[in-house]
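What follows is the residue order along each chain.
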Amino acid sequence: MSLQESYDNAGLLVGNPEADVDSALICVDITEAVMDEAIECGAGLVIAHHPVIFHPLRHITGGTYIERVVARAIRHGIALYACHTNLDSAPDGMSHRLGNLLGLRNVILLGAPNQEYPGAGFGIVGDAGGKIPMMDYLRQMKNTLGLEVVRHSEITRPSVTRVALCTGAGGSMARDAKRAGAELYISSDFRYNDFLDADRELVIADIGHFESEYCAIDLIFD
């Protein structure tokens, strides 16, 4: 928990910390459909990447899916737990897992390292495994990750040898990707100006927030 960002709300969100559980359901987001599945399979714990309670709840009247999820969890005795920015920045965390899926080599941290925990930090940069035509790499990534679409900036670099990435909303780390010598930066939730700011130095690819973090399920399972 010490690795979570100050704005985050990771950890046990609903439930008795002393209660016993014998099975857990793992997901990216705790939705009503996830709660249906947890109740059906008898899971006593739901472990998610995103915290279902992010902002304080002033009431629980069923007016939003968050209120309904929390109420159902309490009613059925199901604990809700989130591993969010602490999993993003953990050594061998989210970005490392996505980089492994894409076959990146000689990987190092993209952002500033955590001084207290060696190996902890956000984003990674690594070698693509050769000089690969940019569009070929993007198509290969789309197929590997099962993406519906890849939203990218102008293809100003014909090939890629070095790739930077950050799972989740990583637009703020595009400058780090430039400094690290990457030709391609992969993340999600880029703003309009982020595509312009890439200029001709970097191609940025938005693969979607959920899609970039789907690997959380296998990471938490492991």
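Everything discussed here concerns the structure shown above.
Quick summary incoming for the structure in this document. Values in this document were obtained by computation on a predicted structure and should not be read as measured data. (Residues numbered from 1 in each chain as written. Predicted model: local features only at pLDDT ≥ 70, side-chain atom pairs only at ≥ 80, totals over all residues. Heavy atoms only, no water.)

1. Some details on the sheet that holds strand β1 (residues 11-14)
Part 1 of the reasoning: Spatial strand order, β1-β4-β3-β2: four strands in an open sheet with mixed pairing. Of all the strands in the sheet, just β1 and β2 (24-27) have a single pairing partner and so form its edges. Taken pair by pair, the neighbouring strands of this sheet meet at an average axis angle of 25°, ignoring direction.
Part 2 of the reasoning: When strand β3 (residues 45-48) meets strand β4 (residues 79-82), the two strands line up parallel, connected through four bridges. Across the sheet, residue Ile 47 finds its bridge partner in β4, namely Tyr 81.
Part 3 of the reasoning: In the packing of helix α1 (residues 32-41) onto the sheet, the strands contacted are β2, β3 and β4, and the crossing angle to β2 comes to about 160°. (Pairing = 2+ DSSP bridges. Helix = DSSP H or I, 4+ residues; strand = E, 2+ residues; numbered from the N terminus. Axes fitted to C-alpha atoms, helices over the stretch in contact; angles between N-to-C directions. Contact = heavy atoms within 4.5 Å.)

2. Notes on the state of the cysteines
Part 1 of the reasoning: For the structure on display, the rule yields zero disulfides.
Part 2 of the reasoning: Here Cys 83 stays unpaired: no disulfide links it, and the sulfur of Cys 27, its closest cysteine neighbor, is 10 Å away.
Part 3 of the reasoning: Not engaged in a disulfide, the cysteine Cys 215 finds its nearest cysteine sulfur in Cys 166; these two sulfurs lie 11 Å apart.
Part 4 of the reasoning: Accessibility expressed as a relative area gives 8% for Cys 215, which makes it buried. (Disulfide = S-S within 2.5 Å. Buried < 20%, exposed > 50% of the residue type's maximum accessible area, 1.4 Å probe, protein only.)

3. Re the nonpolar core
Part 1 of the reasoning: Counting residues in hydrophobic clusters, the biggest one holds 30 residues, and the most contacted among them are Tyr 137, Met 141, Val 163, Leu 184 and Ile 186.
Part 2 of the reasoning: Among the secondary structure elements, those contributing two or more residues to this core are β3, α4 (94-101), β6 (124-133), α5 (134-145), β8 (159-169), β9 (184-188), β10 (203-206) and α9 (216-221).
Part 3 of the reasoning: If one sorts the elements of this core by residue count, α5 sits on top with four residues.
Part 4 of the reasoning: Once you skip the residues sitting within four places of it in the chain, Leu 184 turns out to touch Met 134, Tyr 137, Leu 138, Val 160, Arg 162, Val 163, Ala 164, Leu 202, Val 203 and Ala 205.
Part 5 of the reasoning: In this structure, Val 34, Ala 38, Val 46 and Val 69 belong to the second largest nonpolar core, which totals 19 residues. (Core = buried A, V, L, I, M, F, W, Y, C linked by side-chain atoms within 4.5 Å.)

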